[in-house]
Structures are given as structure tokens and as C-alpha cells.
Amino acid sequence: MKTTIFSFLSLGLFVSNGQSFEAMEFPDITTTVSSSRSANFVDVNNDGWDDIFFTNGLSSGETNMLYLNNGDGSFTTITNDDIVEQSIRAVGASFADVDNDGDLDGYVVTWGAGGQPKRNYFYRNNGDASFTFEEDVAPNLTYSETANWIDVNGDQLLDLYITNSAQSLRNLYFENHADGSFLQRTDLAITDEVKPSRSIDWVDYDSDGDSDLFITNEGNHFNTLYRNDGPNIFTKITDLVIVNQERNSMGSSWADVDNDGDFDLMVTNWEDANQLFINENGVFTEITVSEIAEIGINSFGSSFGDFDNDGDLDLIIANSYNDAHFHNSIFLNDGEGNFTKVNSGALSEFEGWTYSAAFGDYNNDGWLDVIYANNQNEGQENSVYKNTGTGNNWLKIKLVGEVSNRSAIGAVVKVTATINGISITQMRKVEAASGYASQNSLTTHFGLSDSTEIQEVKVSWPSGLIEIFTIEEINQTYEFVEGSGTMHLTENQNFNFQIYPNPVKSNLNFKAERLGKYLVKIYNSEGKWIDVYSFESELNQNVSDYPNGIYFYKILENHQVIFKGKFLKY
């Protein structure tokens, strides 16, 4: 593998409105003229330092770009590897450990060329930051936009979802079979989508412990939401404001912008106002009077991150495709989900076209840095911005799945701390795509402002296990391995049931807070109904004969599902 090592030059310091960034110049990263699409902060060699990957979408074809972080303020350009050798018209990329071997594999989608659909590309990580293209994985010829990994069926293996926007519009789903192969499924509700689709978000919008699917659609179509109702069971939702407006939507990002414990939604649109929807227990309200809604240009990527470390999530919106230079849109959060536009500083003063933006901490100083994937007129240098903020405290957490998928995609981390005298719980999700055609670092980041002590860290793993972890010191990066924390007793204290212990070896307990006539239905990881039990107040059921693995349950009253979840049998 031929490599080039280089370090950076500073282009000056910009400070404004509580955020401070320095525009950096790295040979190759910020000097190569390209038509970039996807911006990704991903640690492909698992050394604890975020690397940088850009896809390129020149209409005539272009190779993608990978830069390895040397951990000393320099990067190495990878020039001889499968992942940077194909000359393709790439768009989105998604990285995750799909074979659970301890390193991140990648999937890159393409948007056809010359009036013909083209194949997408799966790259398996060889364990040494080199990649092998596997031509048998998801070889369909398509006009694809984005891809996103998630464990759809609860077998703790990451499956693949792909959006398409031209010719054959049906979106694609591939099931991971653990032997290196992926089976295309066409029999699920989520494979019925035949709109020109753009971005994919897997998010637990209704706080029931599983990942639902949100898709943005262009061409003045409604956006799409599928509620996850169990392994391989999805219900299309049509009665929420987030899916009943005709828009030309490009991208979306989900995050808890008001720190109230549920995920809110940002949608970017083409030639129309961008939209922020606040989630209150699964009911959404569009914020129509805001500086976010005042912008009606061509927006694509969006990304949330606490770049001033004050305990709330700020926002970058990437703007592109117009005859004029564009500035990107930078917003500071006041802690209650109200955003103020920042009009000065390095991030705001950039001129050109930006397709996507991503957050990551490339120098591991606890302050989120930013990369832009730029492409004005199919030829522009990309951008790297070093965060030079000081003063506020922070915490970073990397998750490692044991029963769950190794990269913990789909996990949710909650950190509670006293900030400015108020107890605040912040929430982050681990995701294999962030906004449209980009990916933030898989290491979750929390700004702590003046807080010097963490009250609680709660991790909800994709396996269903919920654990509490102890933080000894702030301003540190922690790695938490599934199963090493203290088990949290109940899956959701807002419901009227306790299910414990979880994980379980022999006897599983169901306890209701009120007397009733309940049925418990148990399903295996394939979605097959295997058992049913009845109880009125408490149930103690021996499950020792169940094979080890993940199981799903639904609790019914009067033939209605009133509670559901999953447990791990070991």
C-alpha cells in the first residue's frame, strides 16, 4: 500500500458567537480539486483516532479518498487500495463492523452514469486499514443516493438499506447472513417504497426501544416513516406532520435538540424552507418561526453536534447547487431547541458548494472538528476545520458490542450531569450515517459546560440490554464494552411493567403495576411466534430451554399490544 505522510498548515483563527474554528490546510485533503459528496469521520484502523473518507461524484467518474490519522496532527493519503481505486460516480457512504471482527467495513453507493444505472460497492476491512472490494455483495444496478446499516431483524448482525432516486425507484434491503453473504429481501413493508428517495435515518422516534425508518423523498413527495413493530415487521405511518407535507426533501438528521429525552427531526429541502420538527412523546410540531425556517435555498446535508461544549446540540446545514457561491448555515442552540444563525467565523464564511458535513474529533482534544465535502461545478477543494474552543468540559464514549453488533450501531447513550445548576440528561445515538451522505464519528460526544461530575451514564444496547456505567473523571474518552456495566432493572420506567432479569439465564419475570388480564407473546429473532403466557399481576416463566440469543415479546390486553420489548437469553 503506497502512502504519503503530511501535516497541516493553519489558515487563520476565526471566533464568533461562542464557537471557535480554525480553517486548516492539509496537503491532499484540502488541496485536491474534486467533486465530493460524502464526508465521513471513521476510525478504519481502530486506533482511537478518527480518519477521513470522502466519496467523489464527478459525472465522468472519479476515485474516492481515504486519509489515515497518524495521531500527531498529520494524515496519510491512501493511494493504492480497493476503496480508492474504482473510478465511479459515488454519492453516499456508510461504515460499520458488519462481520463483527473488530474493524469498520464500508459501503459506497453510486448514481449511475451515461444514462445507465451502475452497481454499488462493498469494501470489507482486512483488519489493517486496507479494504477488499467484494463484487458479490449487493451488486444491483441502480441510481442510488445513500446507504445505512442497522440490525433490522434482531439477530445482532447489521443489515443494509439503500435509497434510489431514478429509473428503478424501489429502495433495497439486504439481510446479513453472518457467512459473508447478504440476501436481498423484497417481502417487507420497507421494500415497498417506490418514490425518488434520498436519505435514510434509523431512529427510535417513539422511544419503544427499537429503530424505526425515516426516508426523505424528492419530487414533491411525502417523506416516509416506518414504525418498527418487531423483527421484520414495519408499519407505515401516515398521520404525523413529518410525513404529510409535499416537499423536495434532500436530507434529514435526528437528535434530541431540547434535551427532553426524545429525538427531534431536521429536514433539508431543495428551493424551499428547511424544517425543524420538535418531538413530544411521538407527536411532532413544526417550528415555522425560526431562523432555520427562514432559509429557502438548496440544502443537502445536515449534522448535529455540540461544537461549543455547552451541553446542547448545535447544527450545520450544507448548501449546494446554484449558480452563485453558497455559504453554509451554522446555528447555535440555546439549550431549549431554539437556534440562532451564526453569520461570521470560518464555518459560516466558507464559499462554494457543500454536499455534506460531518463532526469528529480528529485531534482528540474533546472539541468537535468539522469536515465539508465540497463540489462547486464538479471541481472544488474539501475543507477541514479544527475546533479551537476552550473552557467548557466534555465527555466522549465509544461503545463496543458483545451480544449486539460490534460497532453498537443503534445504541443510545444518555449522560446526566448538573449544568449551570440544573440536572440535564443529554442523549446521543450511534449511527452508521448522519444526515444526507455523511457520517459523524461513532464515538459519542457530550459537552458538559461547567459540570465537573457525571451523575449517570445509561447505555441502551441494540440487544435490549440496558446498563449503567460509572465515570471517574470528565474531559476523558471512555470505552464501554457491553456487559461490563451495572444492569438496569426495567426497560422503560414510563410503562406499567417490569421485565427482569435481562439478560436472563433461567427464570424471566413479568410484573404489572396494576391488576389486569394480560397475554405475553414470545418471538424468536426471525419473528416466529414460539410461546404465549397469561398472567394478571406477576409471571415467573422458566426460559432455560430457549437457545441462547435475542427474543422479542409483546404484552397484550383486550387484544391490543400495550407494551413490547426484547430480552437476551444466555
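Keep in mind that what you see is a predicted model, and the values were worked out from it rather than measured.

1. Some thoughts on the UniProt feature "domain: ASPIC/UnbV" (unreviewed entry) in the protein chain
Then, number 1: Mapped onto this numbering, the UniProt entry annotates "domain: ASPIC/UnbV" (unreviewed entry) at residues 408-478.
Then, number 2: With 0% helix and 52% strand, residues 408-478 has end C-alpha atoms that lie 15 Å from one another.

2. Observations regarding the domain arrangement of the protein chain
Then, number 1: Once the domains are mapped, the protein chain shows domain 1 (21-387), domain 2 (393-487) and domain 3 (497-569).
Then, number 2: In this assembly, 65 residues from domain 1 lie in contact with 37 residues from domain 2.
Then, number 3: In total, about 3400 Å² of surface goes out of reach between domain 1 and domain 2, with carbon and sulfur atoms giving 52% of it.
Then, number 4: Three residues stand out in domain 1 for area buried against domain 2, namely Q156, F263 and N309, and they jointly supply 16% of the buried area on that side.
Then, number 5: Our count for the domain 1 to domain 2 interface comes out at 1 salt bridge.
Then, number 6: A salt bridge links K396 to D361, with the shortest nitrogen-to-oxygen separation between them at 2.9 Å.
Then, number 7: Summed over the shared surface of domain 1 and domain 2, the result is 26 residue pairs in polar contact (both at pLDDT 80 or more).
Then, number 8: Elements that contribute at least two residues to the side of domain 1 that touches domain 2 include exactly β5 (36-42), β9 (90-96), β15 (144-150), β19 (197-203), β23 (249-255), β27 (299-305) and β31 (354-360).
Then, number 9: Of the residues in the side of domain 1 that touches domain 2, the class split is 26 nonpolar, 26 polar and 13 charged.

3. As for the sheet that holds strand β45 (residues 507-512)
Then, number 1: One open sheet accounts for 3 strands, arranged β44-β45-β48; its pairing is antiparallel. If you trace the sheet from one side to the other, it starts and ends with β44 (497-500) and β48 (538-542), each paired once. Between one strand axis and the next, the sheet turns by 10 degrees as a mean value, whatever way the strands run.
Then, number 2: Across 5 bridges, the pairing between β45 and β48 is antiparallel. When the bridges of β48 are listed, F510 appears paired with L539.

4. Concerning the environment of L160
Then, number 1: Locating L160 in the fold gives a position in strand β16 (residues 159-164).
Then, number 2: Taking C-alpha positions, L160 is 9.3 Å from Q184, a pair spaced 24 residues apart along the chain.
Then, number 3: In contact with L160, other than residues within four places in its own chain, are Y107, A138, A147, N148, W149, L172, Y173 and F174.

5. Digging into the layout of surface pockets
Then, number 1: One number sums up the size of the second largest pocket: a volume of about 460 Å³.
Then, number 2: Taken together, 26 residues make up the lining of the second largest pocket; nearest its centre are D43, N46, K398, T443 and E479.
Then, number 3: Secondary structure elements with two or more residues in the lining of the second largest pocket: β5, β35 (393-400) and β42 (477-481).
Then, number 4: Residue contributions to the lining of the second largest pocket peak at 4 residues, all from β35.
Then, number 5: No fewer than three residues from each of domain 1 (21-387) and domain 2 (393-487) sit in the lining of the second largest pocket.

6. Digging into a nonpolar patch on the surface
Then, number 1: Where nonpolar side chains cluster on the molecular surface, the patch consists of L519, W529 and V532 and spans about 270 Å² of accessible area.
Then, number 2: Along the chain, V532 falls in strand β47 (residues 529-535).
Then, number 3: A residue is classified by how much of its surface remains accessible, and V532, at 39% relative accessible area, is partly exposed.

Cut-off values and rules
- Residues numbered from 1 in each chain as written.
- Predicted model: local features only at pLDDT ≥ 70, side-chain atom pairs only at ≥ 80, totals over all residues.
- Heavy atoms only, no water.
- UniProt positions renumbered as here; feature names shortened; annotations may be inferred.
- Helix = DSSP H or I, 4+ residues; strand = E, 2+ residues; numbered from the N terminus.
- Domains from an automatic or database assignment.
- Contact = heavy atoms within 4.5 Å.
- Buried area = accessible area lost by both parts, 1.4 Å probe.
- Salt bridge = Lys/Arg side-chain N within 4 Å of Asp/Glu carboxyl O.
- Polar contact = N/O pair within 3.5 Å; in protein donor to acceptor, adjacent residues only side chain to side chain.
- Nonpolar A, V, L, I, M, F, W, Y, C, P; charged D, E, K, R; others polar.
- Pairing = 2+ DSSP bridges.
- Axes fitted to C-alpha atoms, helices over the stretch in contact; angles between N-to-C directions.
- 1 Å grid on protein atoms, 1.4 Å probe; cavity = no way out; pocket = protein on both sides within 12 Å on 5 of 7 lines; lining within 4 Å.
- Points joined across faces, edges and corners; volume = space filled by probe spheres on them.
- Patch = residues over 30% accessible without salt bridge, like charges linked within 9 Å, V, L, I, M, F, W, Y side chains within 5 Å.
- Areas by Shrake-Rupley, 256 points an atom, 1.4 Å probe, with all protein chains shown as cover.
- Buried < 20%, exposed > 50% of the residue type's maximum accessible area, 1.4 Å probe, protein only.

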